Amino acid sequence: MSTNPPNLRPDLAPQAKISNPARPGQPTIGMVSLGCPKALVDSERILTRLRAEGYGVSPDYAGADAVIVNTCGFLDSAKAESLDAIGEALTENGKVIVTGCLGAEPDYIREHHPKILAVTGPHQYEQVLDAVHGAVPPSPDPFIDLLPAQQVSLTPRHYSYLKISEGCNHKCKFCIIPDMRGRLQSRPAHAVMREAERLVDNGVKELLVISQDTSAYGVDIKHAEDRGHRAHITDLARDLGSLGAWVRLHYVYPYPHVRKLIPLMAEGLVLPYLDIPFQHAHPDVLRRMARPAAASKTLDEIAAWRDTCPDITLRSTFIVGYPGETEAEFQTLLDWLDEAQLDRVGCFQYENVEGARSNALPDHVAPEVKQDRWDRFMEKAQAISEAKLAAKVGKRIDVIVDEIDADAATCRTKADAPEIDGNLFIDEDFQNLKVGDIVTVEVEEAGEYDLWGRQIT
C-alpha cells in the first residue's frame, strides 16, 4: 500500500506491466516504455503486432533476444532518462532498437549510443517491426502462435488507454511535440468505437481517452461521419458513454465547445472529470507561451461547468519559471489558483528543450527561483486538495479497485486517474474484493491527496 504524492513529471504513464511467459524456443522481445500514456499505447501496438508474428514478450533483459526502448523527448530531463534507459538495455542485453519521440533525433541518440541496432521515430510501427526482424528473425509455431483475441495490454486488465488521434496543430513555444509527432491526425470515429467495444467486451471497466489535443478531435477530417459515428469529441464521448464503462477524458483544451461535454457528465454518460492543461494564468506569460491568454474568461468557464455539473473534477498542469516570469506574474498564478480551486494539479519547472522556440526568449529564470516557485505553488495546491478531500468525509462514492495486497485494497474514485491522481484505500474487510470491481464506499478519512473508506454492503 502506498500513498500518491505529486510527481515532478505529471505526464508519465503507469509503469508497463508485462506477463505471459514465452513458450520454449520462442524468440522473445523486451520492451521499455517511457513517457506519456500515448507512448504506452504505441508500445502496446508494437507488441501486439510482434505477438501476432510469433514473438514472445519478455519482462526482463536477460530473457529477451532483443529489447525495444520506446523513448520520450518531451523535456531535456526526459531525454536524459531515455538515454540512460538505452544505455542500461545495451549493458544488460546488447541488442537494442530505439523508437518513440526521441527517435526523431537519430543522430543525437547514436552520438551517445553508437551500438544500437536501429532508430525509428514515434508511431513508425512498420520500421520497428523491420528492425526486429533483422535482429531476431521470427519463428512462429502455426499450432500455437495465433493472432491474440485481444491486443497486448501493458496496463491492468480493468482499464485501458484509448488513443483517438496523433499529433497537434498548436505552436506552443515551449513544446516540440508537433515537430516529433506531426500535425493532428484523427482516427475515424468508427475505428475508435470498434476498439472501445472490443476492450469493453474483454473486461475493461474504464476507458481513458487520450491524444495530444482531445478537444480538436476530428477537425482535420472535417468531423467526418462514417458507419453511424461522427468524428467530433462531443459525439464520440456520447457514443463511448453508451458502452457501460467509465469514460475519462484527458488532454482537453478549453475551447468553447468543451462546455457541450459537461451535460454528458451531469447525465453520467462520461465521468465528471476534465484534464485541461491551463499552463499559466497571467496573460503576458500565456502570450509568451503562444497560448490563449484569457485566464479571467477561463474562470467564468469553470464556474459555468460547475453550475451544470457540481461534481466535476478539474485536473490541470502548470509551468512555473517560464522565461521572463516575474514575481508579480507568478503571484497572479497563485491568486488565480485560489479562485479556480482546481481539484487535481500537476506542475513542471520550465526546462529548455532543444528545438523549442522558448529557448531564445530573454530573462530566463534562475534554477533556485524556479524551485522556490514550484514549492510555493505545490504548497497552495496541496492545501486546496486537502480541503476538498476533507469535504468528502462521510459521503458515499463509487470506486474501482486497482490493486490488493496484505494491507489494503487500493482503489480510485471517479475523480482519480491512474498514477497521476490520488487513491482511496480500504484497509478493513477488503478480502472479498477483486481487482476491477466497482464498489460503493463511505469515506472515513482524508489526507493531502488520498482517502480512506469502508465498503458499503
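Residues numbered from 1 in each chain as written. Predicted model: local features only at pLDDT ≥ 70, side-chain atom pairs only at ≥ 80, totals over all residues. Heavy atoms only, no water.

> Tell me about the packing of aromatic side chains, residues and numbers included.
Enumeration over the complete set of coordinates arrives at nine aromatic pairs. Seen in terms of ring centroids, Tyr322 and Tyr350 are 5.3 Å apart; in terms of plane orientation they differ by 75 degrees. Their pairing is edge-to-face. Of this pair, Tyr322 sits in the loop between strand E14 (313–320) and helix H11 (327–340) while Tyr350 sits in the loop between strand E15 (344–349) and helix H12 (367–390), placing them 28 residues apart in sequence. Following the ring pairs from residue to residue traces out a cluster consisting of Phe278, Phe318, Trp336 and Phe377. Of note, Lys79 hangs over the ring of Tyr108, and the distance from its end group to the ring centre comes to 5.6 Å. (Phe/Tyr/Trp six-rings, centres within 6.5 Å; stacked < 30°, edge-to-face > 60°. Helix = DSSP H or I, 4+ residues; strand = E, 2+ residues; numbered from the N terminus. Lys NZ or Arg CZ within 6 Å of the ring centre and 35° of its normal.)

> Break down the pattern of salt bridges for me, citing the residues and quoting the values.
Throughout the structure, instances matching the rule amount to 27 salt bridges. The residue Arg181 makes a salt bridge to Asp42 at a minimum N-O spacing of 3.1 Å. Linking Arg181 in helix H5 (residues 177–181) with Asp42 in helix H1 (residues 37–52), this pair joins segments that are 139 residues apart in sequence. Linking Asp421 and Arg315 is a salt bridge whose minimum nitrogen-to-oxygen distance equals 2.7 Å. Of this pair, Asp421 sits in the loop between strand E17 (409–413) and strand E18 (424–426) while Arg315 is found in strand E14, placing the two residues 106 residues apart along the sequence. Look at Asp421 and you get buried, because its relative accessible area is 3%. The network of salt bridges with shared partners includes Glu325, Glu327, Asp372, Arg373 and Arg376. (Salt bridge = Lys/Arg side-chain N within 4 Å of Asp/Glu carboxyl O. Buried < 20%, exposed > 50% of the residue type's maximum accessible area, 1.4 Å probe, protein only.)

> Quick one: what's the story with the UniProt feature "binding site: [4Fe-4S] cluster 2" (unreviewed entry) in the chain, residue by residue and with numbers?
Residues given the UniProt feature "binding site: [4Fe-4S] cluster 2" (unreviewed entry) here are Cys168, Cys172 and Cys175. Since its relative accessible area comes to 6%, Cys168 is described here as buried. If we ignore the near neighbours within four places in the chain, the residues touching Cys168 are Pro178, Gly182, Arg183, Leu184 and Gln212. In this structure, Cys175 sits in the loop between strand E7 (165–166) and H5. The buried category is assigned to Cys175, whose relative accessible area is 19%. (UniProt positions renumbered as here; feature names shortened; annotations may be inferred. Contact = heavy atoms within 4.5 Å.)

> How would you explain the state of the cysteines if you had to name every residue and give the values?
Here the structure, examined in full by the defined rule, presents zero disulfides. For Cys72, which is in no disulfide, the shortest distance to another cysteine sulfur is to Cys101 and amounts to 6.2 Å. Relative accessible area serves as the criterion here: at 7%, Cys72 is assigned to the buried category. Of the cysteine sulfurs around Cys168, a residue in no disulfide, the closest is that of Cys172, at 6.5 Å. (Disulfide = S-S within 2.5 Å.)

> Would you mind going over the nonpolar core in detail, with residue names and values included?
Formed by 54 residues in total, the largest nonpolar core has its most connected members in Leu240, Leu274, Trp305, Trp336, Leu342 and Phe377. In terms of nonpolar packing, the next biggest core, distinct from the first, is built from 27 residues, Ile29, Tyr55, Ala66 and Ala135 among them. (Core = buried A, V, L, I, M, F, W, Y, C linked by side-chain atoms within 4.5 Å.)

> Please give an account of the packing of helix H6 (residues 189–201) against helix H7 (residues 233–241) that cites residues and values.
Closest axis-to-axis distance for the H6/H7 pair is 10 Å, and the angle between their directions is 25 degrees. Looking at the two axes, H6 sits roughly parallel to H7. Where H6 crosses over H7, the handedness of that crossing is right-handed. Residues Val192, Met193 and Ala196 of H6 touch H7, and the partners they reach there are Leu236, Asp239 and Leu240. Each residue belonging to the contact of H6 with H7 can be placed in one class, and the counts come to five nonpolar, no polar and one charged. (Axes fitted to C-alpha atoms, helices over the stretch in contact; angles between N-to-C directions. Parallel < 35°, antiparallel > 145°, perpendicular 65-115°, else oblique. Left-handed = near helix turned anticlockwise from the far one by under 90°. Nonpolar A, V, L, I, M, F, W, Y, C, P; charged D, E, K, R; others polar.)

> Explain the sheet that holds strand E4 (residues 96–100) to me, and be specific about the residues and the numbers.
One open sheet accounts for five strands, arranged E2-E1-E3-E4-E5; its pairing is parallel. Looking at which strands have only one partner, the edges of the open sheet turn out to be strand E2 (56–58) and strand E5 (118–119). Summarising the sheet, strand E1 (residues 28–33) and E2 pair through three bridges and their orientation is parallel. Residue pairing for E2: Gly30 is matched across the bridge by Ser58. Here H1 sits on the sheet in contact with E1, E2, strand E3 (66–71) and E4, set at roughly 175 degrees to E1. Most of the contacts of helix H4 (residues 125–135) go to E4, to which it runs at about 175 degrees, and overall it touches E1, E3, E4 and E5. (Pairing = 2+ DSSP bridges.)

> So what's going on with H6? Residues and values would help.
In this model, H6 (13 residues) spans 18 Å end to end at C-alpha, consistent with the 18 Å of a helix rising 1.5 Å per residue. Turning to H6, its buried residues number three or more, namely Ala189, His190, Ala191, Val192, Met193, Glu195, Ala196, Leu199 and Val200. Tucked into the core, H6 has its buried residues touching H1, strand E6 (159–163), strand E9 (206–210), strand E10 (225–226), strand E11 (229–230) and H7. Once H6 finishes, Gly203 follows within two positions and takes phi at roughly 105 degrees, a positive value. (Expected span 1.5 Å × (residues − 1).)

> Tell me about the pairing of E14, and please be specific about residues and values.
When you tally the buried positions in E14, you get eight out of eight residues, the bulk of the element. The alternating pattern of E14 places Thr313, Arg315, Thr317 and Ile319 on one face and Leu314, Ser316, Phe318 and Val320 on the opposite face, and all of these are buried. Note that strand E13 (residues 273–275) and E14 share three bridges and pair parallel. Looking at the pairing, Tyr273 lines up with Thr313 of E14. The pairing of E14 with E15 spans six bridges and is parallel.

> Report on the environment of Leu40, specifying residues and quantitative values.
Within the secondary structure, Leu40 sits in helix H1. Between the C-alpha atoms of Leu40 and Ile276, which are 236 residues apart in sequence, the distance is 20 Å.

> I'd like a rundown of the UniProt feature "binding site: [4Fe-4S] cluster 1" (unreviewed entry) in the chain, residues and numbers included.
The UniProt record annotates "binding site: [4Fe-4S] cluster 1" (unreviewed entry) at Cys36, Cys72 and Cys101. Taking the farthest pair of C-alpha atoms as the criterion, the annotated set spanning 66 residues converges on one region, since that pair is 10.4 Å apart. Topologically, Cys36 is positioned in the loop between E1 and H1. Looking at the secondary structure, you find Cys72 in the loop between E3 and helix H2 (76–92).

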